[in-house]
Amino acid sequence: MRAVVVEELGGPEVLRLREWPDPEPEPGEVVVDIEFSGVNFMDTGTRSGFSTPGRPPFVPGVEGAGRITALGEGVSGFATGDRVAWVFAYGSYAERIAIPADRIVPIPDDIPSDIAAATMMQGLTAHHFVTESAPLPEGATALVHSVAGGVGRIVVQLLARRGVRVIGLVSREEKVPVAKKAGADEVLVSSGGDFVDRVKALTGGEGVHAVFDGGGAATFWRSIEVLRRAGTLVFYGPLLGDIPTVRMLDLPRSVKVTYAVFADHIHTRELLHQHTADLFDKIREGELHIDISRRYPLGAAEQAHTDIESRRTSGKLLLDPRL
């Protein structure tokens, strides 16, 4: 089969299309013909060595959707031909993959496979943020960084559904309409840390109840500045620059800081199915829109990583092994 292989750690140019051994299911696994593979910013860290599934060579990518073609011993509840989606299964930049059955979920008949693939990582991450990390009540105010991006756009929609006022940050003026369409009440254009005074002005000097910050170390302390008393910073930008070092005495106004780790929220098969079903329900009911901005052939993974690292994309990027 064909797969995108990292043979050495480095930039997007190390992503090469190669022949790779066909997978065979181990006990408890299924083999899936991949229809779509999600491209995530975390994949750039896998490629460059920030976090990897092992020494090169390896196949990156952790999410996707497709049809089951083989079942390993002991697998129940699924059959060949079933459409399924998955998350946190390395090896997804390929035509086929063997996946532990506890990492997959069934795709409802009325949810397209591309939408399912685009929902898993970013959708479940955003769901984690708004239900566990900072479950804000109606009438609260939140600041969301990169609000026109994949995670940010879903966070905004989930917050708006709860009746939370959202102030969004975008890096360029052309992304303002995207953020507004997602449900942001106010949108500020900021390329760094120049948002503090404007956010305070919009909140009457009080600050926001929560900040969802995927901007990395560059914006960390500015996000702290705009929190009101006992507010919460949901930090999820460790791939962008150094990870901040925080002394407890440096935190003002009794604010809280959380580094929201996906695996701590979706740590059982039951939770994976429960939260994915909730997201699929919201998509079905029109309460959540998953935007897919570009689809690439499998051999164009290098271009997909170049595009995502430029931070000029909005919405989800997918690889389609059938192109």
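First, a word on scope: everything that follows refers to the structure included in this document. (Residues numbered from 1 in each chain as written. Predicted model: local features only at pLDDT ≥ 70, side-chain atom pairs only at ≥ 80, totals over all residues. Heavy atoms only, no water.)

## Some remarks on the layout of surface pockets
In this model, the largest pocket occupies a volume close to 1,300 Å³. Lining the largest pocket we find 50 residues, and of these Phe41, Gly214, Tyr236, Gly237 and Arg311 sit closest to its centre. Within the residue set of the lining of the largest pocket, elements represented by two or more residues are α1 (41-48), α2 (113-133), α3 (150-161), β9 (165-170), α6 (217-225), α7 (262-265) and β15 (316-320). Top element by residues in the lining of the largest pocket is α2. It accounts for five residues. In terms of residue class, the lining of the largest pocket is made up of 24 nonpolar, 22 polar and four charged. By volume, the second largest pocket is sized at about 210 Å³. Together, Val87, Phe88, Asp102, Arg103, Phe262, Ala263, Ile266, His267, Thr268, Arg269 and Leu272 line the second largest pocket. Broken down by secondary-structure element, the contributors of at least two residues to the lining of the second largest pocket are α7 and α8 (269-284). The residue inventory of the lining of the second largest pocket, partitioned by class, reads six nonpolar, two polar and three charged. (1 Å grid on protein atoms, 1.4 Å probe; cavity = no way out; pocket = protein on both sides within 12 Å on 5 of 7 lines; lining within 4 Å. Points joined across faces, edges and corners; volume = space filled by probe spheres on them. Helix = DSSP H or I, 4+ residues; strand = E, 2+ residues; numbered from the N terminus. Nonpolar A, V, L, I, M, F, W, Y, C, P; charged D, E, K, R; others polar.)

## As for the packing of aromatic side chains
Evaluation of the coordinates by the stated rule reveals five aromatic pairs. Measuring from centroid to centroid gives 6.4 Å for phenylalanine 129 and phenylalanine 212, while their planes differ by 35°, and the two rings are tilted. Of this pair, phenylalanine 129 sits in helix α2 while phenylalanine 212 sits in strand β11 (residues 208-213), and the two are 83 residues apart along the sequence. Residue phenylalanine 129 shares its accessibility class with phenylalanine 212, and that shared class is buried. Both rings, one in phenylalanine 129 and one in tyrosine 236, keep their centres 4.8 Å apart while their planes meet at 45°; by these two values the pair is tilted. (Phe/Tyr/Trp six-rings, centres within 6.5 Å; stacked < 30°, edge-to-face > 60°. Buried < 20%, exposed > 50% of the residue type's maximum accessible area, 1.4 Å probe, protein only.)

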